[in-house]
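# Chains, contacts and geometry: an overview
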Amino acid sequence: MALIDDMRKGSRLALSRVLTLVENASPTGQAALNQLFPYTGKAHKIGITGPPGSGKSTLVNKLAHQLRLNEPAAKVAIIAVDPTSPFTGGAILGDRVRMLALQNDPMVFIRSMASRGALGGLATATQALSQVFDAAGYDYILIETVGAGQSEVDIVNLAHTTIVVDVPGLGDDIQSIKAGILEIADILVVNKADHPGADQSTRYLRSMIRMGHRTSSPSYGKHALKEWQEPEPKENEPEKELEPDWLPPVMKTIATDGTGIMEVVEKIQNHRSWLEKTGNWEKKDAFILREVVKKMVTASLVSKFEAEVPEDEIERLLSDVNRRKVSPSEAATQLVAYNRTGINPHLSE
Ligand SMILES: Nc1nc2c(ncn2[C@@H]2O[C@H](COP(=O)(O)OP(=O)(O)OP(=O)(O)O)[C@@H](O)[C@H]2O)c(=O)[nH]1
Ligand SMILES: [Mg+2]
C-alpha cells in the first residue's frame, strides 16, 4: 500500500489518512494495520487517566512538550479518547485550543478519537491507532482518557506506563479516585497542587500505595499482568534473582504552570528502565497483544452471533425468561446452540 510507504517516510497527510481508515474499522484500515504491524513494538505507550477536569489534557500537553525538550529527535503522539459524556462534551474544544501550541511542532501529532461504536471496543481501537503511530516511528504515545469506568481502565492498562491523575480531595474519605484505579497506576499525580489539600492527598495516596503494596504486592508482573503465567522454574535451574518491585511514586504537579512536569517525565523514564531491566517490557507487550487478540475474538464472535441469530428468536427466549419458563443460563445455552447447530440457514449447508 503506497499510503503506508508514504506514512513510514514521514508524511503527516498519509498518517492522518491511515488513522482515519483504521478508526473507521474499514477493510482497507484492517489491511493497513496488517501491513504495518511488523513495524510496531518500539513506541513507549503511556496512558493517562483520572476524573473529569483533573487536568489530564493540560498535563499531557506539558508532558509532550517536556519530552520534546529532553529529546529533540523524539516524535510524540497524543491520542485523546473523547468519552462523549455530557460532563466533558464542552472540554474538547478547550483541549483543541490548549493543544494549539503543540500543533506547530512537526514532531508532535495529536489525534482525538470518538468513543462511538469502535469494533472490539474502545481499548482495541485505541491500540489500533497507537499501532499506526508506532509504525510511523513515534517514540512516545500519550493516551488520555477519563477515568470513569472499566473501559477506561482497559484502555490505560494497554499502555506500558499508566499515570493516574488525581486532584486534592475534600478529605481522605472522599477521594475522587477509587481504590481499584490505584491498582493500575505506575505513577500517581496529584495535579492542581496549587489548591489546598495537595499534601494531604499526596500522603493519603502514598499510604494507600504502600498498604496495597504490602498486601497484594503490586509489582508490575503481579497486578497489571495477572493473567500472565510465569513458567515454572526448571529443576536445577539457578534461582533467579528476585526482581525489584516498582513502587508507584506519587508526584505533585501544577499542570497549568508546568510545576513538577520535569519530575514526572523523569519517573516515566525510570519506569521504562525498570520495565526493560526486569523483562517486564516484553511481558507487558505480550500481555497487550494477548488482550487485543482476546478482545477481537470476543467482538467478532458477538457480531457473528448478532448477524446469525434472528432478533425474534432472541426476543422469544427473553420473554420465556421473563415468564420464568426458562432460566437465563438455559436461554443463553439455547441461543448459542441455535447459532452453532445451524438451524439458521447461514450455517446449515
Ligand atoms: N489551578 C489549576 N488548574 C488547573 C491545573 N491543571 C489544569 N487546570 C485547569 O483545570 C481545567 C481542566 O483541565 P483539563 O486539562 O481540561 O482537564 P481534563 O482532565 O483533561 O478534563 P476532561 O478531559 O474534560 O476530563 C482547565 O481549566 C485547566 O486550566 C492546575 O494544576 N491548577
Ligand atoms: Mg481532557
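Residues numbered from 1 in each chain as written. Chains lettered and ligands numbered in written order. Predicted model: local features only at pLDDT ≥ 70, side-chain atom pairs only at ≥ 80, totals over all residues.

### Details of the environment of Ala74
Which entries qualify depends on this criterion: Helix numbers and strand numbers start at the N terminus; a helix is a DSSP run of H or I with at least 4 residues, a strand a run of E with at least 2. Here, residues touch in the contact sense if the C-beta positions derived from the backbone fall within 7 Å of one another.
On the secondary structure map, Ala74 appears in the loop between α4 (56-70) and β2 (76-82). A sequence separation of 64 residues divides Ala74 from Tyr138, and the C-alpha atoms of the two residues are 7.3 Å apart. Excluding residues within four positions of it along the chain, Ala74 makes contact with Leu67, Arg68, Met107, Asp139 and Tyr140.

### A short note on the packing of helix α6 (residues 121-135) against helix α12 (residues 280-308)
Note the cut-off: The axes are straight lines fitted to the C-alpha atoms, using for helices just the contacting stretch, and the angles between their N-to-C directions are given from 0 to 180°. In what follows, roughly perpendicular refers to angles from 65 to 115 degrees, roughly parallel to angles under 35, roughly antiparallel to angles over 145, and oblique to any angle outside these ranges. Crossing handedness follows the turn of the near helix against the far one: under a right angle anticlockwise gives a left-handed crossing, and clockwise gives a right-handed one.
Where α6 contacts α12, the axes come no closer than 10 Å and their chain directions differ by 125°. Of the possible angle classes, the one that applies to α6 and α12 is oblique. Seen along the crossing, α6 lies across α12 with a hand that is left-handed. Here Gly121, Ala123, Thr124 and Gln127 of α6 come into contact with α12, specifically with Val292, Lys295, Met296 and Ala299.

### Things to note about α6
Put simply, the rule reads: Expected helix span is taken as 1.5 Å per residue step, with the number of steps being one fewer than the number of residues. Labels follow a simple rule on C-beta atoms placed from the backbone: if 20 or more others lie within 10 Å of a residue's own, it is buried; if 12 or fewer, it is exposed; otherwise it is partly exposed.
The end-to-end C-alpha distance of α6 is 21 Å, a good match for the 21 Å that 15 residues give at a rise of 1.5 Å each. With 14 of its 15 residues buried, α6 lies for the most part within the structure. Gly137 occupies a position one or two residues after α6 and carries a positive phi of about 90°.

### Focus: the pairing of strand β1 (residues 44-50)
For a regular strand, the rule is simple: side chains alternate between the two faces of the sheet. Going by this rule: Being paired, for any two strands, means DSSP has found at least two bridges between them.
Counting buried residues in β1 gives 7 out of 7 residues, a clear majority hidden from the surface. A two-sided burial pattern is seen for β1, the buried positions comprising His44, Ile46, Ile48 and Gly50 on one face and Lys45, Gly47 and Thr49 on the other. In terms of strand pairing, β1 meets strand β4 (residues 140-146) through 7 bridges, oriented parallel. When the bridges of β4 are listed, Gly47 appears paired with Ile143. Both β1 and strand β5 (residues 161-166) contribute to a ladder of 4 bridges, which runs parallel. Within β5, the position partnered with Ile48 by the bridge is Ile163.

### Things to note about helix α11 (residues 261-278)
Just so we agree on the cut-off: The directions from the helix axis to the C-beta atoms form the arc being described.
With 18 residues, α11 extends 26 Å from end C-alpha to end C-alpha; this agrees with the ideal 26 Å at 1.5 Å per step. For α11, the complete set of buried residues consists of Ile261, Val264, Val265, Ile268, His271 and Leu275. Relative to the axis of α11, the buried residues are bounded by an arc of 115° and lie together on one face. Within α11, the exposed residues directed more than 90 degrees away from the buried face are Ser273 and Lys277. Summarising the contacts, the buried residues of α11 are in contact with β1, α4, β5, β6 (187-190), β7 (250-252) and α12. Downstream of α11 by a residue or two, Gly279 has a phi angle that is positive, lying close to 80°.

### A few points about the confidence of the model for the protein
Keep this limit in mind: The pLDDT value tells you how sure the predictor is about a given residue, anywhere from 0 up to 100.
Taken over all residues, the pLDDT of the protein has a mean of 82, while the share at 70 or more is 76%. Mean pLDDT across the elements of the protein bottoms out in helix α10 (residues 220-223) (43) and peaks in α11 (97). pLDDT under 50 marks residues 85-91. Its contacts with residues more than four places away, or in other chains, come to 6 contacts. Across residues 215-230 the pLDDT falls below 50, and counting only partners more than four positions away or on other chains, this stretch makes 23 contacts in the model.

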